Amino acid sequence: MLFKDLKFTVITVCLNAEDSIQKTIESVLMQKYSPYEYLIIDGESKDNTVSIAKEYEGDFADKGIRYFVISEKDTGIYNAMNKGIRKATGDFISFLNAGDTYLEDSLIIIRDFYAESPFDMTYGGLNYINPDGSMIVKMSKYDRHWVTSRHWNHPSMFLRSEIYQKYGFDEQYRIYADFHLYTKLRKIKDLRIRVIPKIITNFSANGISTKSSVRCAAERGREKYEIYKNNGYSRLYFFESYLWEIVKLLYFGTKSIKLKLQHKNESFSD
């Protein structure tokens, strides 16, 4: 495979995302190095998501990018992602969910990084955009001993297509099937993993993994520990699983309170 001919399949899964799908689509369309194909897997949205997505068919055709908008019922985000994986025909697959965006040179960065030294999986940093609009930079690094989700970013991950298609996402996991796949792949001998020290994605933190209730945090911790255990990791990961979710609970709980106070103050000023 020549790096100059590297084919990327970008997949966006969405449901009722009319307020955010446009910026995601345009970030793919405006890449300086065009993807080979772009798949939008919609879960039968009841709003204008699908009609907005279809408005871009001509724009992608003009750039020679294969573009498919598929809308059908699914059983959840990972079921939709698996549908996209089965339809992908590029060399590498990446997922860019509705509301998230790539930097204009993201695919060039990945292509050139592959040219330096080929890999089977890479992941980089992201701009983590909080619900209140504030942003932090979350860089990745390769954990050689203690594997943690804190140093890995699925929204900036590119994985060879045949590997995605062989393993896919285990849909028994409702929250962290992507992390389950990552921890599973880490066990594969000779899998070439390279971490890229650059920002790849702008990630909007508004999914189930950021819900700020004690019940949600406990469920996330339980699922994450089950993933570690089922993939043969130490029982000590019990502490990492729950402690990290407590940190997230406190972080997003504080953000939520500040956001409510801000809205309250704005309503008073009006």
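Everything that follows concerns the structure shown earlier in this document.
S.K.: What should I look at first to understand the pattern of salt bridges in this one?
M.R.: Pairing is possible between side chains of opposite charge, provided their charged atoms come close. A full pass over the atoms with the stated rule returns 12 salt bridges. Residue Arg 111 is joined to Asp 112 by a salt bridge in which the shortest nitrogen-to-oxygen separation is 3.0 Å. Judged by relative accessible area, Arg 111 falls into the buried class, the value being 19%. Exposure remark for Asp 112: the relative accessible area of 31% places this residue in the partly exposed category. The partner of Glu 219 in a salt bridge is Arg 222, and the shortest N-O contact between them spans 2.9 Å. Here Arg 222 and Glu 219 lie together in helix α8 (residues 214–230), a separation of three residues that amounts to about one turn. By relative accessible area, Glu 219 is classed as partly exposed at 26%. Of the residues examined, Arg 222 reaches a relative accessible area of 34% and is grouped as partly exposed. The network of salt bridges with shared partners includes Asp 120, Arg 160, Glu 162 and Arg 192.

S.K.: Looking at this structure, I do not really get unusual backbone geometry. What am I missing?
M.R.: The general pattern is negative phi for most residues beyond glycine and trans for most peptide bonds. One non-glycine residue, Asn 16, lies in positive phi territory at about 50 degrees. With respect to the secondary-structure elements, Asn 16 resides in the loop between β1 (8–14) and α1 (21–29). Phi is positive for Asp 190, close to 70 degrees, though the residue is something other than glycine. Residue placement: Asp 190 occurs in the loop between α7 (177–185) and β9 (193–204).

S.K.: Quick question: what am I supposed to make of the side chain of Lys 224 here?
M.R.: Structurally, Lys 224 can be placed in helix α8. Among all residues touching Lys 224, those that are not within four sequence positions of it are Ser 149, Tyr 176, Phe 179, Glu 240, Ser 241, Trp 244 and Glu 245.

The rules behind these values
Residues numbered from 1 in each chain as written. Predicted model: local features only at pLDDT ≥ 70, side-chain atom pairs only at ≥ 80, totals over all residues. Heavy atoms only, no water. Salt bridge = Lys/Arg side-chain N within 4 Å of Asp/Glu carboxyl O. Buried < 20%, exposed > 50% of the residue type's maximum accessible area, 1.4 Å probe, protein only. Helix = DSSP H or I, 4+ residues; strand = E, 2+ residues; numbered from the N terminus. Contact = heavy atoms within 4.5 Å.

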